[in-house]
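Residue-level listing of the chains:
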Amino acid sequence: MNQASTEDRLAIRELVESFAHEAMRTNPDTWGATWADSDQCSWKLVSFPEPVIGKTAIVEKFAQVMAYVDFLSMISVPSDLVIDGDQATGKAYCREWVAAKNGAHKHLVGCYHDQYVKQNNRWRFLTRRYEILGQSQTEA
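Residues numbered from 1 in each chain as written. Predicted model: local features only at pLDDT ≥ 70, side-chain atom pairs only at ≥ 80, totals over all residues. Heavy atoms only, no water.

**As for the environment of Phe19**
Inference 1: Considering the arrangement of structural elements, one finds Phe19 in helix α1 (residues 6-25).
Inference 2: Sequence separation between Phe19 and Val98 is 79 residues, and the spatial gap between their C-alpha atoms is 15 Å.
Inference 3: With residues near it in sequence (within four places) discarded, Phe19 still touches Trp31, Thr34, Trp35, Met74, Tyr112, Phe125 and Arg128. (Helix = DSSP H or I, 4+ residues; strand = E, 2+ residues; numbered from the N terminus. Contact = heavy atoms within 4.5 Å.)

**Quick look at helix α3 (residues 55-66)**
Inference 1: Between its first and last C-alpha atoms α3 spans 16 Å; for twelve residues at 1.5 Å apiece the expected length is 16 Å, and the two agree.
Inference 2: By the burial criterion, the buried members of α3 are Lys55, Ile58, Val59, Phe62 and Met66. Seen from one end, α3 has its buried residues packed into an arc of 95°, which puts them on one side.
Inference 3: Looking at the buried side of α3, the elements it contacts are α1, α2 (28-32), β1 (42-44), β2 (52-53) and β3 (69-84). (Expected span 1.5 Å × (residues − 1). Buried < 20%, exposed > 50% of the residue type's maximum accessible area, 1.4 Å probe, protein only. Arc of directions from axis to C-beta.)

**Observations regarding the nonpolar core**
Inside soluble globular proteins, nonpolar side chains tend to come together where they are buried.
Inference 1: Within the largest apolar cluster, 34 residues are counted, with the highest numbers of intra-cluster contacts made by Trp31, Trp35, Trp43, Tyr112 and Tyr116.
Inference 2: Listing elements by their share of this core, those giving two or more residues are α1, α3, β3, β4 (87-100), β5 (105-119) and β6 (122-138).
Inference 3: Counting residues per element, this core draws most heavily on α1, at six residues.
Inference 4: Among all residues touching Tyr112, those that are not within four sequence positions of it are Phe19, Trp43, Leu45, Gly90, Lys91, Ala92, Cys94, Arg128, Arg129 and Tyr130. (Core = buried A, V, L, I, M, F, W, Y, C linked by side-chain atoms within 4.5 Å.)

**As for the state of the cysteines**
One covalent bond between the sulfur atoms of two cysteine residues makes up a disulfide.
Inference 1: Scanning all chains against the criterion turns up zero disulfides.
Inference 2: In this model Cys41 remains outside any disulfide bridge; the closest cysteine sulfur is found in Cys94, 18 Å from its own.
Inference 3: A disulfide-free cysteine, Cys94 has its sulfur positioned 7.4 Å from the sulfur of Cys111, the nearest such atom. (Disulfide = S-S within 2.5 Å.)

**Things to note about the pattern of salt bridges**
Inference 1: Under the counting rule described, the total for this entry stands at six salt bridges.
Inference 2: As a salt-bridge pair, Asp80 and Lys91 come within 3.9 Å of each other at their nearest N and O atoms. Of this pair, Asp80 sits in strand β3 while Lys91 sits in strand β4; the two residues are eleven residues apart in sequence, bridging distant segments of the chain.
Inference 3: With relative accessibility at 47%, the residue Asp80 sits in the partly exposed group.
Inference 4: With a closest N to O distance of 2.7 Å, Asp114 and Arg128 form a salt bridge. Residue Asp114 is found in strand β5, and its partner Arg128 is found in strand β6; the two are separated by 14 residues along the sequence.
Inference 5: Given the relative accessible area of 3%, Asp114 is considered buried. (Salt bridge = Lys/Arg side-chain N within 4 Å of Asp/Glu carboxyl O.)

**Describing unusual backbone geometry**
Leaving glycine aside, a negative phi is the common case for residues, and trans is the common case for peptide bonds.
Inference 1: Even without glycine at this site, Thr26 takes up a positive phi of about 55°.
Inference 2: By the secondary structure assignment, Thr26 is in the loop between α1 and α2.
Inference 3: A relative accessible area of 32% places Thr26 in the partly exposed class.
Inference 4: Of note, Asp80 is a non-glycine position whose phi angle comes to about 55°, a positive value.

**Re the side chain of Ser76**
Inference 1: Tracing the backbone shows Ser76 in strand β3.
Inference 2: Here Ser76 is in contact with Val16, Glu17, Ala20, Ala92, Tyr93 and Cys94, once residues within four sequence places are set aside.

Written as structure tokens, this is what we have:
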């Protein structure tokens, strides 16, 4: 473990938890507030052919994805944090249960590979790349 401040480590943990909380609320604006104000932001899910680049595009993509979701539960735990000044990297292991509006259900266990940046004294996501570690699905 590096010697980053406990305050920074806690703030990144709270960022990861806020991402999950706001995803469950399916509100693009509050979920989008977890991202850095940057055209360099990148979000990559397995279902995306290419990463979504830029905060505005990421928030728009989130709204499109969530239009199909009836309910989402996400629990996320940060790990492997390496903090260097106003930049950091880490992982966030996730467990998700997604209920689609068409009646299908999906259970996922995955890992986000993250880059964080501190802007205006607050940690935000710069990049998130999701790796699925296991999943099961029930069709509608």
